2 protein chains.
Amino acid sequence: MSTCLDSILAEIDAGAAAARDRLINWLRIPSISAQPAHAADCLRAADWAREHLAAIGFRAEIRPTAGHPCVVAHHPGTGGKAPHLLFYGHYDVQPADPLSLWRSPPFEPAIMEGPHGPRVVARGAVDDKGQVAMWLEALRAWHVVAGGPPCPVTVLLEGEEEVGSPSLDAFLAANRAELKADVAVISDTGMWDIATPAITTRLRGMVYAQIDLFAASRDLHSGLYGGAALNPINALTRILGELQDADGRIQIPGFYEGIQPVSNVQAAEWAALGFDEAAFLGEIGLKTPAGERGRGALERLWARPTADLNGIWGGYTGEGGKTVIAAEAHAKLSCRLVPGQDPQKVAAGIRQFVMDRLPPDARAEVSILNTTPGIEVPADSPWVQAARGALAAEYGRPAVLVGSGGSIPVVESLKRLLGLDSLLVGFGLNDDQVHSPNEKFELTCLHKGARSHARMLAAFAGR
Amino acid sequence: MSTCLDSILAEIDAGAAAARDRLINWLRIPSISAQPAHAADCLRAADWAREHLAAIGFRAEIRPTAGHPCVVAHHPGTGGKAPHLLFYGHYDVQPADPLSLWRSPPFEPAIMEGPHGPRVVARGAVDDKGQVAMWLEALRAWHVVAGGPPCPVTVLLEGEEEVGSPSLDAFLAANRAELKADVAVISDTGMWDIATPAITTRLRGMVYAQIDLFAASRDLHSGLYGGAALNPINALTRILGELQDADGRIQIPGFYEGIQPVSNVQAAEWAALGFDEAAFLGEIGLKTPAGERGRGALERLWARPTADLNGIWGGYTGEGGKTVIAAEAHAKLSCRLVPGQDPQKVAAGIRQFVMDRLPPDARAEVSILNTTPGIEVPADSPWVQAARGALAAEYGRPAVLVGSGGSIPVVESLKRLLGLDSLLVGFGLNDDQVHSPNEKFELTCLHKGARSHARMLAAFAGR
C-alpha cells in the first residue's frame, strides 16, 4: 500500500463524522421522483450533489432531461489519461408511504443503534444516496490528500431511477462523447453479509410478453354452448400448463440456446457461500425449491432463466358463479434471461410456443412488452480483479462474486449506448429495508465503503 | 278425438283475438323482479293471474314469500281424482335494458308482422307470460265448454324465476302437501322449429366450483425469487390444463361414472333432426366443434358432460408489465352434468383432481358453489306419450324429444322437494330474443300452443 493511499484512508477515518453529517443533509431533501410535488426537491438534491462535486475539484453541472435533471461532473485526474472511470448513481428516492410504519420521519434522518453499531434511518439511506456518498467521500479524500483522483473520473447522477429511468437512454445517447469512459462503477447492490464484500457480476435480463387468446365473437352461455364451443380459458391453461416439464425445464423452443454452463470455479465459489435456501424460502412461507430440478439454489436464482406467469385473467371473476364461456383469456409471462440467451429469439420462441399449441378456432396475439439481455462481467476482467484486491485489503477476506436474479436496467443501457461494462460493488445489507419503511444504512458500511472506493480508485489507476 | 275436445278447440279458435288481448294486458305490467322499484308491478302481475284463474273456476290466491309472492290456484277437475297436474310458470320478467335497442317500448306490446304472421313484441312476450298464457287459455276453454279441466289441476306461478328463484325452495317445502300432484307441466322451453313441436326430456345439471391456490405468504419479486419460489399461476395452469385430454375426455376421477349411453332410438331421432352445427357455430364466429371427439353435436350438447372454466384470475392484470410472482391464483369451473352422474361424486372428483396435481408448497381450496343433477324424463313415460300424441294431432307430425344443455332449476326443485317429474313442452322459437331487446312471441305459437295444451289436458285425463 502506498503512503499516499494510507493518508487518504486516514483522511476518511478522520472525517467520518463530517461524512455522516453530509449524508444526513442530503437525506433531508425529499427527492421523490414519482411525485410531481417533489420536483423542486429533486432539483435541490441534484444541486446538493453538484455543489459537493464542485467543492472537490470537479467541473459539475446540472443538465436538463425530459424529466428530472442529471448531474454530470468531470475531473481529469492527477495521473494521466487512463483508465477513465464513470461513476453512476441516482439522487432520487422512492415514496415513503406508508408513513405510519416509520419509527422516525423518513426525511428527518435518525441515527439509531443496531447490532452493527450506529445506522442512519431515512428514505434513501442506502438506495442510493448512502451508496453514492461512499464514493463521493472517497473522491473528496483523494482531492484533499492528492489533489484529485488518480485517473480521469466522470460522474453521472440521474433523478429518475426509481420511476424506471424514462429519460436516461436519450440522455446517454445525446451525450455519448462526453460520457466516454473505460468502465462504469456503480454502488447500488449489496454485500454478501456485513463482513463479506461482494461484486455482482451477473444480472438476469428479461422478456416480458402478454398473451391474448380469442375464441367466439361474444361471451356464451355455458349450458347452450358447452361441449360445442371452444373455451379460451381452458385453451389458455392447456397451453401455459406446458410451459415447464415435470423437471421444471422450460419448453419454449430454443429457450436454452447459447447459455454457457457455470464454470467450476464459479460453482465452487457459490457453494462456499453456504446459501441457506431453506431459510430464504422459509421467510416467505415456502419449503420446497421450485425451478429446474438438479440445479443448485444460487444457480437457479442467478444463472438459470425462468418463465413465470405474472398475471392471468378471463371470464367471470366476481363473487359466486356465472356460467359463461368467455370470448377471450389473457396472461402476462415474463422470462428472466441469463447471459448467452438472445432476447429476440426467446420472444420468437414464446410466440412459437403459443402458436404451436393453439387449438382450431382460437386466435392468439403475443405482444412483447420488454426485452433485456442477461449480463455477465467476466470474473477475470481487470476491473473485477482490481476491485477484488482492494476489497480484500479492506475486509481481510476475498470479495465474493455474486449474481442478481433481477435486472439493473442502467447496466444494460450503459452497455448498449456507451459500450461500457459495469462494475457493481455495493455495500447494502439484506435487512436495509430498501423501498420499505425504516430504510437504513449502516454507518460502518458508509465508512468502509468509502475506504473501499478509495482503495479501488488506487487499484484501477495501478497505484 | 271426442266431440268435447272439438268444441274446446273451436272455442280457442273463436277466442284467439281475445286471448291475444288478454296477454297484451298482462305484458303491459313491468313485473321486473330484479328491480325493487317494480315490486308493486310484480304484485300487480301476480294479481292479474290470480283474477284470470278465479274467473275460470279456480280457487286462486296470492301467497307471500320472502320475496315476490307466488300465485297458487286449485281446480278439482270434472273427471275424478287422477291424474293431478301441477302447472308451473313465472310472471316475472327480465329487465328491459338496453332500452335504446328496442324498436317499440318493452312494456307497450306491439303487434308486428313477421315471416310466420303476426307476433307480439314486448318484454316477457315468450318468457314466460306468453307461454303461461297458452295453458291459461286452454284451461279457460275447458272451463267454458266443459265446466273445468278434465282432471285436478294446481297452478303455481312464481315471481322470482328471473333472479334465480331464491324463495321457491322454501315455498315448495312449506307447501308440500298442498302442491301434491302427479306431474308438473311447464312451458318455458322451445319448439324445434315453427312446424315441429318438441318435448324437452333431458336437462343438464351442474357442479360449480371455485378453486383457490395459495403459495408464498406474500407477492414476490420475480427477479429475486424466480427459480426458487413456486408460482401459483403456473401451477394453476398446469393443473387445469389437464382437465381434458387430447380427445376432449374430461380427466376428473370417476367423472363419467353412471352415464348411460344414448339409446339407439334417441340417437336416430336426434340424427334425423338434421342439426346444422356449422351454422350454430358460425353464428358465434367459430368453425370447429369442441368437446369430446367422436360424439355427435347434439349428443355433446345434450347428453355429455362438460368442464368449462368460467373465470380465472391472479397476479397483475393491468396495463404493461409487473414482475410479480403472485401469492395466489383462482379459477371458477363448472361442469354440466348429465343424468346418471352423481353431483356429489363429481364435486369430490374435482377436489381430488386438483389435490392429485398439487405441487409441494401449494395449498388449494376447492369450494363447491352449486350442485344440481342432470335430469331425464323417460321417453316412454305416460306423460311424454300423452303429450306426443296430443302434439302430433295438433301439428300433423311427431313431436321430437330434445335435450337442453342448460339447467332449469325449478325442475330439479320440483323433483327434490315434491318428488315430481316435469313435462317440458314449450312453444318458443330460437329467434324469440329471450332476455334480449325486442323479445317476441309468435301469435301462431300462442294459438297452437293453447290448442296443444287443451289436447294434452284431454290426453292426460284419458279422454
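Residues numbered from 1 in each chain as written. Chains lettered and ligands numbered in written order. Predicted model: local features only at pLDDT ≥ 70, side-chain atom pairs only at ≥ 80, totals over all residues. Heavy atoms only, no water.

We now examine the interface of chain A and chain B. Every contact between the two is made by 71 residues of chain A and, on the other side, 71 residues of chain B. Of the roughly 5300 Å² buried between chain A and chain B on both sides combined, carbon and sulfur atoms contribute 53%. One can count 0 salt bridges joining chain A with chain B. Summed over the shared surface of chain A and chain B, the result is 40 residue pairs in polar contact (both at pLDDT 80 or more). Where strand β11 (residues 308–315) of chain A and strand β11 (residues 308–315) of chain B come together, 5 bridges link them in antiparallel fashion. When the bridges of β11(B) are listed, Trp313(A) appears paired with Trp313(B). (Contact = heavy atoms within 4.5 Å. Buried area = accessible area lost by both parts, 1.4 Å probe. Salt bridge = Lys/Arg side-chain N within 4 Å of Asp/Glu carboxyl O. Polar contact = N/O pair within 3.5 Å; in protein donor to acceptor, adjacent residues only side chain to side chain. Pairing = 2+ DSSP bridges. Helix = DSSP H or I, 4+ residues; strand = E, 2+ residues; numbered from the N terminus.)

Take unusual backbone geometry next. All names here are of chain A. Look at the link from Asp-127 to Asp-128: it is a cis peptide, with omega at 5°. As for its position among the elements, Asp-128 is in the loop between β5 (117–121) and α4 (129–146). Its identity as a non-glycine residue notwithstanding, Ser-165 has a phi of 50°, on the positive side. Residue classification places Ser-165 among the buried positions, given a relative accessible area of 16%. Despite not being glycine, Asp-361 has its phi angle at roughly 80°, a positive value. Structurally, Asp-361 can be placed in the loop between α11 (343–356) and β14 (363–372). (Buried < 20%, exposed > 50% of the residue type's maximum accessible area, 1.4 Å probe, protein only.)

Turning next to the pattern of salt bridges. Tallied over the full model, the rule gives 58 salt bridges over all chains. Here Arg455(A) ties to Glu394(A) by a salt bridge, and the two come within 2.7 Å at their closest N and O atoms. Highlighted residues: Arg455(A) in helix α14 (residues 443–460) and Glu394(A) in helix α12 (residues 382–395), separated in sequence by 61 residues. Pair check on accessibility: Arg455(A) and Glu394(A) agree, each one buried. Across the pair Asp13(B) and Arg451(B) runs a salt bridge whose closest N-O atoms are separated by 2.9 Å. Taken together, the residues span a long stretch of sequence, with Asp13(B) in helix α1 (residues 3–14) and Arg451(B) in helix α14 (residues 443–460) at a distance of 438 residues. According to the relative accessible area criterion, Arg451(B) is buried, its value standing at 14%. Salt bridges here are not isolated pairs; linked through shared partners, they connect Asp13(A), Glu394(A), Lys448(A), Arg451(A) and Arg455(A).

Moving on to the side chain of Glu442(B). Residues and elements named next belong to chain B. Along the polypeptide, Glu-442 turns up in strand β18 (residues 440–442). Looking at Glu-442, its side chain comes within polar contact range of the side chain of Arg-119, at 3.1 Å. A polar contact is formed between the side chain of Glu-442 and the side chain of Lys-440, at a distance of 2.6 Å.

Our next topic: the nonpolar core. Core analysis: the biggest nonpolar cluster contains 90 residues, and Cys335(A), Ile350(A), Cys335(B) and Ile350(B) have the highest contact counts within it. Setting aside its immediate chain neighbours within four residues, Cys335(B) contacts Gly205(B), Met206(B), Val207(B), Ile252(B), Phe255(B), Thr306(B), Ala307(B), Val346(B) and Ile350(B). (Core = buried A, V, L, I, M, F, W, Y, C linked by side-chain atoms within 4.5 Å.)

This paragraph deals with the relation of the copies chain A and chain B. Of the transformation superimposing chain A on chain B, the axial component is 0.1 Å and the angular component is 180°, with the fit at an RMSD of 0.2 Å. What we have between these two chains is a two-fold relation. Taken together, the interface assignments show that 100% of the residues at the interface of chain A recur at the interface of chain B, consistent with an identical surface on both copies. (Least-squares fit on C-alpha atoms with pLDDT ≥ 70 in both.)

Right, let's get into the sheet that holds strand β18 (residues 440–442) of chain A. All names here are of chain A. Read from one edge of the open sheet, 3 strands run β4-β5-β18, paired in antiparallel fashion. Looking at which strands have only one partner, the edges of the open sheet turn out to be β4 (110–114) and β18. Between one strand axis and the next, the sheet turns through 35° on average, direction left out of account. Alignment of β4 against β5, held across 5 bridges, turns out to be antiparallel. Pairing of Gly-114 across the sheet is with Gly-117, part of β5. (Axes fitted to C-alpha atoms, helices over the stretch in contact; angles between N-to-C directions.)

Further remarks concern the sheet that holds β11(A). One open sheet accounts for 8 strands, arranged β14(A)-β9(A)-β13(A)-β11(A)-β11(B)-β13(B)-β9(B)-β14(B); its pairing is antiparallel. The open sheet has two edge strands, β14 of chain A together with β14 (363–372) of chain B, and neither has a second partner. The average undirected angle you get between the axes of adjacent strands in this sheet is 15°. In this fold helix α7 (residues 232–240) of chain B packs onto β11 of chain A together with β9 (205–214), β11 and β13 (328–337) of chain B, with an angle of close to 55° to the strand it touches most, β11(A). Relative to the sheet, helix α11 (residues 343–356) of chain B contacts β9, β13 and β14 of chain B, its axis offset from that of β14(B) by approximately 160°.

This next bit is on the domain arrangement of chain A. Residues and elements named next belong to chain A. Entries for chain A in the domain assignment read domain 1 (3–203 + 375–460) and domain 2 (205–262 + 299–372). Taking only C-alpha atoms into account, the centre of domain 1 sits 39 Å from that of domain 2. At the junction of the two partners, domain 1 supplies 12 residues and domain 2 supplies 9 residues. Counting each side, the surface lost to burial between domain 1 and domain 2 is near 840 Å², with a carbon and sulfur contribution of 56%. A per-residue breakdown of the area domain 1 buries against domain 2 is headed by Arg-202, Gly-405 and Ser-407, which together make up 48% of the total. Counting the contacts that link domain 1 with domain 2 gives 0 salt bridges. Within the residue set of the side of domain 1 that touches domain 2, elements represented by two or more residues are β8 (198–203), β15 (375–376) and β16 (400–404). The dominant element in the side of domain 1 that touches domain 2, judged by the number of residues it contributes, is β16, at 3 residues. (Domains from an automatic or database assignment.)

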